[in-house]
Each structure stands twice: as C-alpha cells, then as structure tokens.
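# Secondary and tertiary structure notes
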Amino acid sequence: MEERKEPFRLRLNLCDGIVLIVGLAVGAFLLWNALKPAAATITEPAATSTVRYTIRFQKMMEGTSALVQPGDALVDTIKNYDLGTVVSVETVPAQTQILDHDSRQYVLADVPGYEDALVTGESPCTTGSDTLLLDGGYTLQVGTTAYVRGAGYMGSGPIVAIEREGQA
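Notes on the structure follow. Model, not experiment: these values are computed from the prediction. (Residues numbered from 1 in each chain as written. Predicted model: local features only at pLDDT ≥ 70, side-chain atom pairs only at ≥ 80, totals over all residues. Heavy atoms only, no water.)

## Overview of the side chain of Asp-76
Note the threshold: Only runs of H or I of at least four residues qualify as helices and only runs of E of at least two qualify as strands under DSSP, and these elements are numbered from the N terminus. Relative accessible area decides the class of each residue, using a 1.4 Å probe on protein chains only: under 20% of the type maximum gives buried, over 50% gives exposed, and in between gives partly exposed. When charges are tallied, Lys and Arg are placed among the positive residues and Asp and Glu among the negative ones, while His and the ends of the chain are skipped. Any Lys or Arg side-chain nitrogen found within 4 Å of a carboxyl oxygen on Asp or Glu counts as a salt bridge. Note on contacts: a residue pair qualifies if any of its non-hydrogen atoms lie within 4.5 Å across the two residues.
Assignment of secondary structure puts Asp-76 in strand E2 (residues 73–76). It turns out Asp-76 is buried and unbridged, and the closest side chain with the opposite charge, Lys-79, is 7.3 Å from it. Excluding residues that lie within four positions of it along the chain, Asp-76 makes contacts with Tyr-81, Leu-83, Tyr-138, Tyr-147 and Arg-149.

And the structure:
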C-alpha cells in the first residue's frame, strides 16, 4: 500500500486574503517610515541674554514675604528647574474680586491677614523664535502659574511681567 502525498496547496478564502493584504500594507508602511530620510529642518540660532521676570506670590500669610530676600536662589517645585536669583521683593495687599450687589459689578477688595509678594527674579536665558528658555530648562511665559520655592518659603502665582536685557 502506497501513501499518496498531495503537493501543498494554499487555500485562502476572502477573509484570509483581506487580512493578508492589510498586514502586508501595514508592514510596508512601517518599513517605508523607518527607512525614509529625516526631513531637514532649518533652525535659527538661539540668542543668549539675561531676563528679568516678576512672579506674584499670592495670598501669603502676613509677614511671610519678609522671608524672600534678594540673592535667594529660586527653584521650580514641580520639576526642580533652576529659575535664577531674586533681585527684589515688593509687598502689596492681597486682593480678590467680590461682587458688589449694589452696582452689580465685581470689585477688588483686600483680603485681611494675607499679602501678595511681587518677586522679581533674574536669570540667563536662551531666546528662541517664540519662547524664552531659562538656563535651568524652565520656559517663561506671561500668565502661566509658577510654583516656586526658596530658602525657607514656597509660593505660587502668575508670572506678571518679563523684561529682556536691552528692552524697555
């Protein structure tokens, strides 16, 4: 008795064919994407300068703004970026918006027991086309909230002003 061996024959139905074609297309796309040359990017050289910025530490307990002294090193509390050094500190009353029911408008009112500190810092920075990057790695932008710590204090608040060296 002799065994009959049939030659191998691949039999695909419609679903198998579709899956095979899609798999080959994905594989070809991934191979093309991995082997294509990188696009040449033209970047303008970044200029290095010094920047002064002001952060408004909001709602500090009365008297705690005295802990912030010129010459203190400022550090970002989230990612430990170096933010430069304190140049000056100005204490102002803490204010919040409240609704004046008589005039039906929001007005600023002092918050008793609290004060705001306008802390001006200075740091070397790299000026790009649309960003200011401090040497410590922190990106400065007016309006963003900064979370800062120094020697014996922490504060948070918006960056209210940025002044580059040589600009008014």
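What follows picks up the thread again.
## Quick word on the nonpolar core
Threshold: The nonpolar core is taken to be a set of buried Ala, Val, Leu, Ile, Met, Phe, Trp, Tyr and Cys residues, with the residues joined through side-chain atoms within 4.5 Å.
Of all hydrophobic cores here, the largest spans 20 residues; its most connected members are Phe-57, Leu-74, Leu-134 and Leu-140. Contributions of two or more residues to this core are made by strand E1 (47–61), strand E3 (82–100), strand E4 (105–127), strand E5 (132–134), strand E7 (145–150) and strand E8 (153–164). Here this core gets 5 residues from one element, more than from any other, and that element is E1. Not counting residues up to four positions away in its chain, the partners in contact with Leu-134 are Val-51, Tyr-53, Asp-82, Leu-83, Ser-123, Pro-124, Cys-125 and Leu-140.

## Here we look at the side chain of Asp-72
Where we set the bar: Polar contacts, as used here, are pairs of N or O atoms within 3.5 Å; protein pairs need one atom able to donate a hydrogen and one able to accept it. Residues neighboring in sequence count only if both atoms are side-chain atoms.
Structurally, Asp-72 is set in the loop between E1 and E2. Of the side chains bearing the opposite charge, Arg-149 lies closest to the buried Asp-72, which forms no salt bridge; the N-O distance is 12 Å. Polar contacts involving the side chain of Asp-72 include one to the main-chain amide nitrogen of Gln-69, which spans 3.0 Å. A distance of 3.3 Å separates polar atoms of two side chains, one belonging to Asp-72 and the other to Tyr-153. Beyond its immediate sequence surroundings of up to four residues, Asp-72 is in contact with Leu-67, Gly-84, Thr-85, Val-86 and Tyr-153.

## Considering the pairing of E4
Quick reminder of the rule: Two strands are said to pair when DSSP picks up at least two bridges between them.
In this sheet, E4 lies alongside E1 in antiparallel orientation, the contact comprising 13 bridges. Paired with Ile-55 across the bridge in E4 is Val-119. Bridge count between E3 and E4: 14 bridges; the pairing is antiparallel. Across the sheet, residue Val-86 finds its bridge partner in E4, namely Gly-121. What sits between E3 and E4 in their antiparallel hairpin is a turn of 4 residues, with Arg-104 showing a positive phi close to 55 degrees. Across 3 bridges, the pairing between E4 and E5 is antiparallel.

## Thoughts on the pairing of E2
Alternating positions in E2 separate cleanly, Leu-74 and Asp-76 being buried on one face and Ala-73 and Val-75 remaining unburied on the opposite face. Inspection of the sheet shows E2 paired to E3 by 3 bridges, in the antiparallel sense. Within E3, the position partnered with Val-75 by the bridge is Asp-82. In this antiparallel pair of consecutive strands, E2 and E3, the connection spans 5 residues, and Asn-80 shows a positive phi of 60 degrees.

## As for the packing of aromatic side chains
Cut-off, in case you're wondering: Geometry of aromatic contacts follows a simple scheme: Phe, Tyr and Trp rings, the Trp one being its six-membered ring, pair when their centres are within 6.5 Å, and the pair is stacked under 30 degrees between planes, edge-to-face over 60, tilted otherwise.
As enumerated under the stated definition, the model contains 2 aromatic pairs in all. Where Phe-29 meets Trp-32, the ring centres are 6.1 Å apart and the plane angle is 40 degrees; that geometry is what we call tilted. Of this pair, Phe-29 and Trp-32 both sit in helix H1 (residues 14–35), 3 residues apart, which is roughly one turn of that helix. A relative accessible area of 52% means that Trp-32 is categorised as exposed. Relative to Tyr-138, the ring of Tyr-81 has its centre 6.3 Å away and its plane inclined at 70 degrees; by these criteria the two rings are edge-to-face. Of this pair, Tyr-81 sits in the loop between E2 and E3 while Tyr-138 is found in the loop between E5 and strand E6 (139–140), placing the two residues 57 residues apart along the sequence. With relative accessibility at 26%, the residue Tyr-81 sits in the partly exposed group. For Tyr-138, a relative accessible area of 12% gives the class buried.

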